[in-house]
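Listed below, chain by chain, are the residues.
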Amino acid sequence: MNVRGTVAGEVDVRTVTTSYGESDLAEVPLRFDGLEDSASPTDASNRESGGASPNSVDGKDARTVTLWGKWTESAALLEPGIELLVTNVEEDEYQGETQYSTTGDSYVVVEPSFLVNVTAVRNWVECPRLYYLNKLSGVPLNYPVVKGTIVHEVFGDLLRGRDLEAAIDERIDERGLELGLLGETPEAVAEDVRDNAAAIEGWLEQGRLTEEDGAATAADNPERAFTPAEGSWRSEQLLISETFGIRGRADAVRRGAPVELKTGKNLRKDPRFKDKVQAACYALLLEEHGGDVDMGTLLYTKNSALDRNEETGDLTPAKEFTMGDGLLKFVVRVRNEIAAMEIAGDVPTGYEGDAKCEYCFEQDTCMVVSGRLDQESKAGQIGQSLPDEELEYFERLYRAIEEERREIHAEYAKLWEQDPQERADDDRAIVDLEFVERRELEGGRWELRARQRGASTSKLREGDLVLASDGHPVRGNSELARIERLDDVIVVTADEPVEVTRLDVYPSELTTDRLLVALHDALLKGSDRRKDVLFGRADPDFDDPGETFIDNNDAQDEAVRKAVGAQDCALIHGPPGTGKTYTIARAIRAMVERGERVLLSAFTNRAVDNALEALLEQGIETTDVVRVGSESGVREDMQAYRLDFAGDPEARVAELQNAQVVAATTATCGSRVMKEQSFDAALVDEAAQLTEPGTYAAINLANRFVLVGDHEQLPPVVQAENDLTESLFERLVEQSPDAGVMLDRQYRMNQRIQAFASREFYDGELRPAEPTVATRTLDDLEGVSRERLPTELRDPVSFVPVAGDDSQYTDDAEATRIADLIERYEAAGLERTDIGVIAPFRAQVSNISNHVPEDVAVDTVDRFQGSSQEVIIVSFTATDTLEGPIFEDYRRINVALTRPKRALVLVGDPDALESDPLYGRMLEWARQ
Ligand SMILES: Nc1ncnc2c1ncn2[C@@H]1O[C@H](COP(=O)(O)OP(=O)(O)OP(=O)(O)O)[C@@H](O)[C@H]1O
């Protein structure tokens, strides 16, 4: 039996004398969530109530759980409010009260839904401070890291039965750019990888000869059946444990036991302790998936390349060890320390572990970081600490990023807390697929096809990484896969041939990791001048370029002059349709003409491609431009400029280094390749949608920067409500108003349409750029006549009242009415593709999609930001009284109302809308 609950009071740790001698124990008052049958801890249906009033809030009814022996170390981490899971407890009656205590088979897990990464456990065992430093500075581009990755990939290839030389060639080719940046040649790397691979091959060969491991690696047997059952090998497996709160990717699993590859040497007979720890984490993960792991293997690939004469010691690459109970429990205790520290938001000092600083390669870095951030550390501090306001800022943002990380962990927990239907309704999964077929690709990967049984919506897009499973993303057979095609038939590629019946959003921490690194780099590596400007200690400086760049729009011209003349930074505020993209392109052209190297960045791929397109229209030399991004991220017509990372190292590096303009999303700017680049200027579009550290990822790479955005439109996309919700753009606009220019002439909307947004959001300063814009109507479109529309739709802005239904997130009455409106527009000659429908909730988006023809774009505001349509219909989906702003935030309604060029139709319940002052004014305007 397992118990799970929240710590309800102080924990008492003491030593007692028992019949076995002295022992430590901890008594933990726990408010129960429930009891679970430990025979199947993962089966939620086995949960039952913990007895009489187990959920009492005041803690009086908390039950006592006694933790024995070494588990008291984990007990010392507990504070009231922390979640605790204890497996395999014993139940006792004591003085009429039911009590629980640990048994020899128990595990104690602190905050089980906080998923600690296996590499984090390994790093922590090496040194807790090292774990923290790795988090702050990320994985740099260096040869050992890249070589290690290639060796791992070749290992996977060999396991999938691939030819060694072919695998080496291809994997090296794929990393051409990275190797080129490191000054490596393919030949030298191949030699190096071959040395390491010899150990792998030898070991696999041995396995083949001595064991009946199935035909997993036999290249001559393409029909091999892969099951995770005993007797097979499996490469790279993503494993998640909901019991132990651990996740990670095992390099390989052989006969159900973990195999870890290390591209170093180890001449002792036993694996290194930290390596054992890592394998033990995977053992726990595999056990939770029904395995019984008593062995672990570490494969030190460098060993076989060593000359016997040079080295003395045990040269065998593969070292096996017995997976003892004590080690598994130790690993869980370490994991608990990490979880408790992260939940408390503390920073490790290094004293938590017993590593010796004088043996550590990172000692200097550690001391510098400790000194500059004024953190207590075992290694000591050197250097002067950052000014107080920077320290305070760092801590505030660090916490905010970690809160964001916890939200991602909560997303993981939803993988098992929500049932398939809930996940589908939440757009987090596509369920109930019918598996069609699998096809082996060259290189041993698999293409998997499944058919959707009905129409479904989800957050998933082509190119996304997903968890592809045969029914459950955590408990079933599941693989990390990439979506290649997302139609009625879904195509994904993966390392293993899973019989896909379900796809789940993969909650990635990559973005969060990069935010932390960008924050660290901005504060610890940024120049003093840059930081003076960021923290408002100095005003940004400007030179006058003495040139007119745009002669028909004063604000745009001033914006370009500011951007070109900025010594530090410039801020371009661009309301809807005011020519932001055009202005950016003109500014970049001017910079390039002055011989500068420019980074063009934005939050989304779409904005990067739009700006790039505008830049090419400016007549910039196409050979000067490089687009960095994934194949699926970059728009079709921009693929020609996309930098292929694969190929000859020298050639690839030349392409990147010679490019005067490099275009990439801010997320990509945080990648190890981009972090090696430097620029004279960075122009960042959609800057109001970026968090401060998200912006740093781009501007850290340049001497000066220009941010372009509109803080009256969508704010940064964050999960948690905290300091990340304000963009750097918005903060700087307030802090340094003189560095900003607002573009005030719009090229999109009929005057009637823009009036409300101008008044409410831009102090009445937004105006049509030209008379043709001000007076545009549907009549301008070929074959369209407003005469054929019902009178109430002839004005550029109309309101269609609908007494809605009572459901909160959907409204059938509105959906039906909108379908009818679309028919009317079609009858008046409009193309369906010229009409867009915006609704506040995804549920209403699907609902409307079911009512209207397929080629009408229906979506939430977020998906419409940055685009425009001839006609926009807004479904407000609110009835009676409003409980909160319908579009969460007034900035969203601004975006919705500024998408149309020629006609805007608002559909909603007037009583509901009138109950909010802003919506009330909107109604008045629409009814004019
Ligand atoms: N100075 C100008 N002279 C003539 N046309 C212009 C000028 N500036 C912008 N435009 C035109 O106005 C339209 C909108 O410009 P652009 O796409 O740059 O706007 P935007 O502000 O980026 O739009 P969004 O708000 O959607 O991001 C484009 O067709 C562009 O060519």
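The name an unreviewed UniProt entry gives the protein chain is DNA helicase, with Halostagnicola larsenii XH-48 as the organism. The protein chain has a UniProt comment under Cofactor (unreviewed entry) that states "[4Fe-4S] cluster". As its UniProt record puts it under Sequence similarities (unreviewed entry), the protein chain is described as follows: "Belongs to the DNA2/NAM7 helicase family."

A. Region of the structure containing the overall build of the protein chain. Check the secondary structure of the protein chain and you find 29 helices and 35 strands. Its C-alpha atoms give the protein chain a radius of gyration of 30 Å, within 12% of the compact-globule value 30 Å for 928 residues. Each principal axis of the C-alpha distribution contributes one length, and for the protein chain these read about 90 × 70 × 60 Å. For the protein chain, the proportion of its 928 residues judged to be buried stands at 47%. The contacts of the protein chain with a sequence gap of at least 6 include a subset with a gap of at least 24, amounting to 70%.

B. Region of interest: the sheet that holds strand β19 (residues 478-486). On the basis of which strands lie adjacent, the open sheet formed by seven strands has the order β15-β21-β18-β19-β20-β17-β16 and antiparallel pairing. One side of each edge strand has no neighbouring strand; the edge strands of this open sheet are β15 (429-430) and β16 (434-440). Judged from the six bridges that link them, β16 and strand β17 (residues 446-451) form a sheet pairing that is antiparallel. The residue bridging E440 from the neighbouring strand is W446, located in β17.

C. Inspection of the environment of V125 at higher detail. For V125, the location among the structural elements is in helix α2 (residues 118-126). Apart from the residues within four sequence positions on either side, V125 is in contact with K274, V277 and V334.

D. Highlighting the sheet that holds strand β31 (residues 797-801). Ordered in space as β31-β35-β34-β32-β33, the five strands form an open sheet in which the pairing is parallel. Taken across any chain shown, the strands that pair with only one partner, and hence form the sheet edges, are β31 and β33 (857-859). Along the sheet, successive strands turn relative to each other by an average axial angle of 20°, direction set aside. Strands in contact with helix α25 (residues 842-851) are β32 (835-838), β33 and β34 (869-875); relative to β33, the strand with the most contacts, it is inclined by about 155°. Strand contacts of helix α29 (residues 917-927): β31 and β35 (900-908), with the helix running at about 110° to β31, the strand carrying the most contacts.

E. Fine view of the confidence of the model for the protein chain. When pLDDT is averaged across the protein chain, the result is 89; 92% of the residues are at 70 or more. A low-confidence stretch, residues 39-60 (pLDDT under 50), is modelled with 29 contacts involving residues beyond four sequence positions or located in other chains. Low pLDDT (under 50) marks residues 211-231, which in the prediction has 36 contacts with non-local residues, meaning those over four places away or in another chain.

F. Structural view of the site of the ligand. In the region of the ligand, 15 residues are neighbours, and G579, K580, T581, Y582 and Y747 sit closest. In terms of residues, the shell around the ligand owes the most to one element, helix α16 (residues 580-593), which gives three residues. Grouping the constituent residues of the shell around the ligand by class yields four nonpolar, ten polar and one charged.

G. Spotlight on the UniProt feature "domain: DNA2/NAM7 helicase helicase" (unreviewed entry) in the protein chain. This chain's UniProt record puts "domain: DNA2/NAM7 helicase helicase" (unreviewed entry) on residues 553-644 and 655-720. Helix makes up 42% of residues 553-644 and strand 14%. Its end C-alpha atoms lie 38 Å apart. The span residues 655-720 is 24% helical and 30% strand by assignment, and the distance between its end C-alpha atoms comes to 40 Å.

H. Focus on the packing of helix α3 (residues 128-137) against helix α10 (residues 363-372). Axis separation between α3 and α10 bottoms out at 11 Å; the angle between their running directions is 75°. Between α3 and α10, the angle falls in the class roughly perpendicular. Between α3 and α10, the residues in contact are R129, L133 and L136 and T365, C366 and V369, respectively.

I. Fine view of the packing of α3 against helix α13 (residues 510-524). Where α3 contacts α13, the two axes come as close as 6 Å, and the packing angle between them is 85°. Considering the angle they form, α3 stands roughly perpendicular to α13. Residues K135, L136 and S137 of α3 lie in contact with α13, whose contacting residues are L516, V517 and H520. Residues of the contact of α3 with α13, tallied by class, amount to three nonpolar, two polar and one charged.

J. Local environment of the nonpolar core. Ranked by internal contacts, the top residues of the largest apolar core, which has 91 residues, are V28, V121, V154, C281, Y282 and L299. The element that contributes the greatest number of residues to this core is helix α8 (residues 273-288), accounting for nine residues. Lining this core are residues from two domains, each supplying at least three of them: domain 1 (3-33 + 61-110) and domain 2 (410-510). Residues within four places of Y282 in sequence aside, it is in contact with V118, L239, G248, A250 and P258. Counting residues in each nonpolar core, the second largest holds 81 residues, with V661, V662, A702 and V733 among its members.

K. Representation of the pairing of strand β11 (residues 246-254). The buried fraction of β11 is high, at eight of nine residues. The pairing of strand β9 (residues 116-117) with β11 spans two bridges and is classified as parallel. Bridge pairing in β11 places V116 opposite I246. Two strands pair when backbone bridges link them, and strand β10 (residues 233-241) and β11 are joined in this way by eight bridges, in the antiparallel orientation. Within β11, the position partnered with S235 by the bridge is A252. Taking the residues between adjacent antiparallel strands as the criterion, β10 and β11 are bridged by four residues, where G245 takes a positive phi near 65°. Two elements, β11 and strand β12 (residues 257-262), share three bridges in a ladder whose sense is antiparallel. Within β12, the position partnered with V253 by the bridge is P258. Between β11 and β12, which pair antiparallel one after the other, the connecting turn spans two residues, and R255 there sits at a positive phi close to 45°.

L. Broad picture of the environment of D528. Within the fold, D528 resides in helix α14 (residues 528-534). Using a count of 9 C-beta atoms within 10 Å as the deciding quantity, one classes D528 as exposed. Separated by 179 residues in sequence, D528 and L707 have C-alpha atoms that sit 20 Å apart.

M. Region of interest: unusual backbone geometry. Of note, the phi angle at R255 is positive, near 45°, even though the residue is not glycine. As for its placement among the helices and strands, R255 is situated in the loop between β11 and β12. Residue class for R255 comes out partly exposed when judged on the 19 C-beta atoms lying within 10 Å of it. You will see that E686, though not glycine, has its phi angle at about 55°, which is positive. Within the secondary structure layout, E686 lies in the loop between β26 (679-685) and α20 (692-699). You can call E686 buried: it has 28 C-beta atoms within 10 Å.

N. Quick peek at helix α11 (residues 388-417). The end-to-end C-alpha distance of α11, which contains 30 residues, comes to 42 Å, matching closely the 44 Å that a straight helix rising 1.5 Å per residue would cover. Y393, L397, Y398, A400, I401, E404, R405, H409, Y412 and L415 are the residues of α11 that are buried. Turning to α11, the residues buried within the fold contact β10, β21 (502-505), α13 and α20.

O. The arrangement of helix α15 (residues 554-565) in detail. Spanning twelve residues, α15 covers 16 Å between terminal C-alpha atoms, matching the ideal 16 Å at 1.5 Å per step. A555, Q556, A559, V560, R561, K562, A563 and V564 are the residues of α15 that are buried. Next to the buried residues of α15 lie β22 (569-573), α16, β27 (702-709), β28 (740-742) and β29 (745-746).

P. Layout of the environment of S915. Assignment of secondary structure puts S915 in the loop between α28 (910-914) and α29. Owing to 15 C-beta atoms within 10 Å, S915 belongs among the partly exposed residues under this scheme. Considered as a pair, S915 and I483 are 432 residues apart in the sequence and their alpha carbons are 44 Å apart.

Criteria and cut-off values
Residues numbered from 1 in each chain as written. Predicted model: local features only at pLDDT ≥ 70, side-chain atom pairs only at ≥ 80, totals over all residues. UniProt positions renumbered as here; feature names shortened; annotations may be inferred. Helix = DSSP H or I, 4+ residues; strand = E, 2+ residues; numbered from the N terminus. Rg over C-alpha atoms; globule rule 2.2 N^0.38 Å. Buried ≥ 20, exposed ≤ 12 C-beta atoms within 10 Å, placed from the backbone. Contact = placed C-beta atoms within 7 Å. Pairing = 2+ DSSP bridges. Axes fitted to C-alpha atoms, helices over the stretch in contact; angles between N-to-C directions. pLDDT = per-residue confidence, 0-100. Near = placed C-beta within 6 Å. Nonpolar A, V, L, I, M, F, W, Y, C, P; charged D, E, K, R; others polar. Parallel < 35°, antiparallel > 145°, perpendicular 65-115°, else oblique. Core = buried A, V, L, I, M, F, W, Y, C linked by C-beta atoms within 7 Å. Domains from an automatic or database assignment. Expected span 1.5 Å × (residues − 1).

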